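# Coordinate analysis (summary)
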Amino acid sequence: MTKMLSVNPKISLQDIKQFEQEYEVTLPKQYVDFLLEYNGGFPQESNFKLPDDEGESLVNKFYGIGDMKSNLGKVFEVLEGEIPEDFISIGNDPGGNEILLGVNGEYQGKVYFWIHDIEPEDEMDNMFILAGNFTEFFNNLYESE
């Protein structure tokens, strides 16, 4: 199982509910549990494979809720209009690409990789699905060899 090297200050379920109301999103339960446990941070095992033999990347950090430099709210506001509206960014890789979590409709709970420097013809041409849910994604992170 993936371990965290460092985590952000603890938050409560009320903090999460306040975030959901402010940004009009419903976070999947598995991700809420992650926020309650770690509130983002830096994972020890951080590598993940991209589908279709596109290579691999790694989680630079998971965003949290609160007064840290890169938090879910600030990132949401910066990326509004850049990423599809059914998603929020929950982390990034060292190249500035984002790890997205579906928060609506058919994408609810699924984890995607969004490549920022590809101009998509269709809205999701620069996105790759990574996992069917957050726990699957988190548990499949691995250490580089």
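About the thresholds
Residues numbered from 1 in each chain as written. Predicted model: local features only at pLDDT ≥ 70, side-chain atom pairs only at ≥ 80, totals over all residues. Heavy atoms only, no water. Helix = DSSP H or I, 4+ residues; strand = E, 2+ residues; numbered from the N terminus. Polar contact = N/O pair within 3.5 Å; in protein donor to acceptor, adjacent residues only side chain to side chain. Contact = heavy atoms within 4.5 Å. Core = buried A, V, L, I, M, F, W, Y, C linked by side-chain atoms within 4.5 Å. Buried < 20%, exposed > 50% of the residue type's maximum accessible area, 1.4 Å probe, protein only. Phe/Tyr/Trp six-rings, centres within 6.5 Å; stacked < 30°, edge-to-face > 60°.

The protein chain is annotated in an unreviewed UniProt entry as SMI1 / KNR4 family protein from Solibacillus isronensis B3W22.

Residue placement: asparagine 8 occurs in the loop between β1 (4-7) and α1 (13-23). A polar contact of 2.6 Å, which involves the side chain of asparagine 8, links it to the backbone oxygen of asparagine 39. Not counting residues up to four positions away in its chain, the partners in contact with asparagine 8 are Tyr38, Asn39, Gly40, Gly41, Phe62, Tyr63, Gly64 and Met68.

Formed by 44 residues in total, the largest nonpolar core has its most connected members in Leu27 and Phe137. Mapped onto this core, the elements with two or more residues apiece are α1, α2 (29-37), α3 (72-79), β6 (87-92), β7 (98-102), β8 (111-114), β9 (127-131) and α4 (134-139). Contact partners of phenylalanine 137, with chain neighbours within four places excluded, come to Phe48, Val59, Phe62, Ile99, Val111, Leu130 and Ala131.

This part is about the packing of aromatic side chains. Within the structure shown, the criterion is met by 18 aromatic pairs. A ring pair is formed by tyrosine 31 and phenylalanine 134, whose centres lie 5.2 Å apart and whose planes are at 70°; its orientation type is edge-to-face. Pair noted here: tyrosine 31 is in helix α2 and phenylalanine 134 is in helix α4, with a separation of 103 residues, a long-range link. Residue phenylalanine 134 is classed as buried on the basis of its relative accessible area, which comes to 3%. Arranged with centres 4.8 Å apart and planes meeting at 55°, the rings of phenylalanine 34 and phenylalanine 134 form a pair that is tilted. Here phenylalanine 134 lies in helix α4 and phenylalanine 34 lies in helix α2, a separation of 100 residues in the sequence. You can call phenylalanine 34 buried: its relative accessible area is 4%. Counting every residue linked through ring pairs, the aromatic cluster contains Tyr31, Phe34, Tyr38, Phe48, Phe62, Phe113, Phe134, Phe137 and Phe138.

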